[in-house]
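Fold and geometry: a report
Below are the chains, spelled out letter by letter.
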Amino acid sequence: MENILARLKVWAKELKRDIVALWIAARDPRTPWHAKIAAAAVAAYALSPIDLIPDFVPVLGYLDDLVIVPLGIALAIRLVPKDLMAEYRREAARREGRPRSLAGAAVIALLWLIALVAASWWLYDSLG
């Protein structure tokens, strides 16, 4: 059991480093455009202080943190050239703190607002 916990801690630490590495990749002009888009989207979501599916929603709340984010990270890493990704990982390991993505938070807040407006419109149309 201790071995599993130790492996999970290493995996979580690597995920945090890779998120920062993807954040760096999204800003580097050497990163191909398709990898840049994927890296920016994944990093913005992962670094956003707002979740698309709040954690208090049973099961689904943690689904994005446990499944969607790691799969997005894996996809974005595959799109970034290996030599550049190794460089970004080294830079991410050197950095102290984790950046925050206010743009990611704004996009998620906008999605929630659109969903709220759409649900209100549907409800008004259904009842009225």
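Residues numbered from 1 in each chain as written. Predicted model: local features only at pLDDT ≥ 70, side-chain atom pairs only at ≥ 80, totals over all residues. Heavy atoms only, no water.

1. Here we look at the overall build of the protein chain
How we decide: Counting from the N terminus, the helices are DSSP H or I runs at least four residues long and the strands are E runs at least two residues long. Between the two quantities, the radius of gyration covers C-alpha atoms and the globule rule is 2.2 Å times the number of residues to the power 0.38. Exposure classes here rest on a 1.4 Å probe applied to the protein chains alone. A residue is buried below 20% of its type maximum, exposed above 50%, and partly exposed in between. Residues are treated as being in contact if the distance between any of their heavy atoms lies within 4.5 Å. Surface accessibility in these figures is a Shrake-Rupley result with a 1.4 Å probe; residues are shielded only by whichever protein chains are displayed. Positive residues here are Lys and Arg, negative ones are Asp and Glu, while His and the chain termini are left out of the count. The location of each charge is read from NZ of Lys, CZ of Arg, CG of Asp or CD of Glu.
Check the secondary structure of the protein chain and you find 5 helices and 0 strands. In the protein chain, the succession of helices and strands from N to C terminus is α-α-α-α-α. Taking 14 Å as the expected radius of gyration for a compact globule of 128 residues, we find that the protein chain reaches 17 Å, considerably beyond that expectation. The principal-axis extents of the C-alpha atoms in the protein chain amount to approximately 60 × 45 × 25 Å. The 128 residues of the protein chain split such that 32% are buried. Taking contacts inside the protein chain between residues at least 6 apart in sequence as the whole, the part at least 24 apart equals 71%. Counting every atom, the protein chain has about 9,100 Å² of accessible surface; 69% of that belongs to carbon and sulfur. A gap of 7 Å separates the mean positions of the 16 positive and 13 negative side-chain charges of the protein chain.

2. Observations concerning helix H1 (residues 2-27)
Convention followed: Given the number of residues in a helix, its expected span is that number minus one, multiplied by 1.5 Å.
Its 26 residues place the ends of H1 38 Å apart at the C-alpha level, agreeing with the 38 Å of an ideal helix rising 1.5 Å per residue. Among all positions of H1, only Leu15, Asp18, Ile19, Val20, Ala21, Leu22, Trp23, Ile24, Ala25 and Ala26 are buried. On the buried face of H1, the contacting elements are helix H2 (33-47), helix H3 (60-79) and helix H4 (82-94).

3. Brief notes about the packing of H1 against H2
Test applied: Helix axes are fitted to C-alpha atoms over the stretch in contact, other axes to C-alpha atoms as well, and angles between N-to-C directions run from 0 to 180 degrees. An angle below 35 degrees is treated as roughly parallel, one above 145 as roughly antiparallel, one from 65 to 115 as roughly perpendicular, and anything else as oblique. By definition, any crossing whose near helix is turned counterclockwise from its far helix by less than a right angle is left-handed, and any crossing with a clockwise turn is right-handed. When residue character is reported, Ala, Val, Leu, Ile, Met, Phe, Trp, Tyr, Cys and Pro are called nonpolar, Asp, Glu, Lys and Arg charged, and the others, Gly included, polar.
It is the contact of H1 with H2, at a shortest axis distance of 8 Å, that shows an interaxial angle of 135°. Judged by the angle between their axes, H1 and H2 are oblique. The handedness of the crossing between H1 and H2 is left-handed. Contacts between H1 and H2 pair Ile19, Leu22, Trp23, Ala25 and Ala26 from the former with Lys36, Ala39, Ala40, Val42, Ala43, Ala46 and Leu47 from the latter. Residue classes in the contact of H1 with H2 are distributed as 11 nonpolar, no polar and 1 charged.

4. Here we look at H2
Helix length check: H2 (15 residues) gives 20 Å between terminal C-alpha atoms against 21 Å at 1.5 Å per residue, within 8%. Buried residues of H2: Ala35, Ala38, Ala39, Val42, Ala43, Ala44, Tyr45, Ala46 and Leu47, and no others.

5. A look at the side chain of Asp18
Definition in use: Here a polar contact is taken to be a pair of N or O atoms separated by no more than 3.5 Å, where protein atoms must pair a possible hydrogen donor with a possible acceptor and residues adjacent in sequence count only if both atoms sit in side chains.
Following the sequence through the fold, Asp18 ends up in helix H1. A distance of 3.0 Å separates the side chain of Asp18 from the side chain of Arg17, its partner in a polar contact.

6. Overview of the confidence of the model for the protein chain
To keep things clear, this is the line we draw: Per-residue confidence from the predictor is reported as pLDDT, which spans 0 to 100.
Averaged over the protein chain, the pLDDT score is 84; the fraction of residues at 70 or greater is 93%. For the protein chain, the element scoring lowest by mean pLDDT is helix H5 (residues 102-127), at 81; H4 scores highest, at 93.

7. So, a nonpolar patch on the surface
The line we're drawing: A patch consists of residues whose relative accessible area exceeds 30% and which take part in no salt bridge; residues with like charges are grouped when within 9 Å of each other, and nonpolar side chains (Val, Leu, Ile, Met, Phe, Trp, Tyr) when within 5 Å. Within this document, salt bridges are pairs made up of a side-chain nitrogen of Lys or Arg and a carboxyl oxygen of Asp or Glu, the two lying within 4 Å of each other.
A contiguous nonpolar surface patch, about 680 Å² in accessible area, is contributed by Leu60, Tyr62, Leu63, Leu66, Val67, Ile68 and Leu71. Among the structural elements, Leu71 can be located in helix H3.

8. Quick word on the packing of H1 against H4
Two elements in contact, H1 and H4, have axes separated by 8 Å at closest approach and are oriented at 115°. Judged by the sense of rotation from one axis to the other, the crossing of H1 with H4 is right-handed. Along the contact surface, H1 presents Arg17, Asp18, Val20, Ala21, Leu22, Ile24 and Ala25, while H4 presents Met85, Tyr88, Arg89, Glu91, Ala92 and Ala93.

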